[in-house]
Amino acid sequence: MAPINYSQNLEHIKQRIASACEACGRNPADITLIAISKTKPIEALEAVRDLGQIHFGENKVQELVPKMEHFDEKGDTDIQWHMVGGLQTNKIKYLSDRVDWIDSVPKKKALKEINKRAKASGRIIQTLIQVNISNEEQKFGCEPDDLPALLKAAEEYSHVKVMGLMGIASFTDNPEDVRHEFKALRCLLEQEQQKDYKNSDLKHLSMGMTNDLEVAIEEGSTMIRIGTALFGARDGQ
Ligand SMILES: *Cc1c(COP(=O)(O)O)cnc(C)c1O
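Residues numbered from 1 in each chain as written. Predicted model: local features only at pLDDT ≥ 70, side-chain atom pairs only at ≥ 80, totals over all residues. Heavy atoms only, no water.

**A closer look at the site of the ligand**
Taken together, I36, K38, V84, I168, M209, T210, R225, I226, G227, T228 and R234 form the complete shell of residues around the ligand. T210 is positioned such that a nitrogen or oxygen atom in its side chain is 2.6 Å from an oxygen atom of the ligand. Residue R234 places a side-chain N or O atom 2.9 Å away from an oxygen atom belonging to the ligand. Relative to its unbound accessible area of 390 Å², the ligand is 91% covered by the protein chains. Residues belonging to the shell around the ligand are distributed by class as follows: five nonpolar, three polar and three charged. (Near = heavy atom within 4 Å. Polar contact = N/O pair within 3.5 Å; in protein donor to acceptor, adjacent residues only side chain to side chain. Areas by Shrake-Rupley, 256 points an atom, 1.4 Å probe, with all protein chains shown as cover. Nonpolar A, V, L, I, M, F, W, Y, C, P; charged D, E, K, R; others polar.)

Below, the structure written as structure tokens:
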């Protein structure tokens, strides 16, 4: 198999972002690309990092921690690290010294623990609340109806900064099928932006992956999470 051309992949993604923005009159500078490097070896991250990529995301604590440590140990501390996967409350303590963003906060218990650990480390951790927008059996994230109470609860947590919402659309071959899910997440954000919660600065919408980034951008995404289009297919998936 030919080696992966990261430079070409990254260029191609940036082009997709630029075209999607042009189609709906948005500024590409308002879209943050998060490189989702789960299952990929450190060399792959280094190659992409060398191309100037700043934001990286992982979905497992046990994979994220050694990758953060590797780059910190070589003095590359400018990377913004995101935890984007199913969050087990008892593992937050392994992340809280270093992680910049926890994008997959599903409930109050997790928020409370992030606050406690961030406080102990003298930090403020940026978070997104993951909202369940898909119609899939396996549900992740808080239900839309529970979001206001969660944002209200965050007013007690001064070491957490809630920066917005994250959603994973239903799995489909046709991205148009999930446009309404992205739209629903944006409506939720707009609704909660009216309320001016303490410890929140609700400006981000993390939605859109390799297959549906264009639709997500058209519907207001500010953070897209790209794995496959950048790093190639993942083994066993
Ligand atoms: C794996 C993953 C992605 C990236 O998906 P691709 O389709 O490979 O771009 C994005 N978000 C989350 C939460 C993921 O786990």
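So, next bit.
**Some details on the side chain of T89**
Within the secondary structure, T89 is located in the loop between β3 (80-83) and β4 (101-105). Excluding anything up to four places from it in sequence, T89 contacts K107, K109, A110 and E113. (Helix = DSSP H or I, 4+ residues; strand = E, 2+ residues; numbered from the N terminus. Contact = heavy atoms within 4.5 Å.)

**Observations regarding the packing of aromatic side chains**
All chains considered together, the criterion is met by three aromatic pairs. Here F56 and W81 contribute two aromatic rings whose centre-to-centre distance is 5.8 Å and whose plane-to-plane angle is 40 degrees, an arrangement assigned as tilted. Taken together, the residues F56 in strand β2 (residues 55-58) and W81 in strand β3 connect sequence positions 25 residues apart. In this pair, the class of F56 matches that of W81, namely buried. Where F71 meets W81, the ring centres are 5.8 Å apart and the plane angle is 50 degrees; that geometry is what we call tilted. Of this pair, F71 sits in helix α3 (residues 61-73) while W81 sits in strand β3, and the two are ten residues apart along the sequence. (Phe/Tyr/Trp six-rings, centres within 6.5 Å; stacked < 30°, edge-to-face > 60°. Buried < 20%, exposed > 50% of the residue type's maximum accessible area, 1.4 Å probe, protein only.)

**Quick notes on the packing of helix α2 (residues 42-50) against α3**
Running from N to C, α2 and α3 cross one another at 50 degrees; their axes reach a closest spacing of 11 Å. As judged from the angle between their axes, α2 and α3 are oblique. In this structure, α2 meets α3 at a crossing whose hand is right-handed. Taking contact as the criterion, the partners of I42, L45, E46 and R49 in α2 are, on α3, K67, H70 and F71. (Axes fitted to C-alpha atoms, helices over the stretch in contact; angles between N-to-C directions. Parallel < 35°, antiparallel > 145°, perpendicular 65-115°, else oblique. Left-handed = near helix turned anticlockwise from the far one by under 90°.)

**Side note on the pairing of strand β8 (residues 223-226)**
Look at any regular strand and the pattern is simple: side chains alternate between the two faces of the sheet. Neither face of β8 is left uncovered, since the one carrying M223 and R225 and the one carrying I224 and I226 both have all their residues buried. As paired elements, strand β1 (residues 32-36) and β8 share four bridges and run parallel to each other. Bridging from a neighbouring strand, I34 pairs with R225 of β8. (Pairing = 2+ DSSP bridges.)

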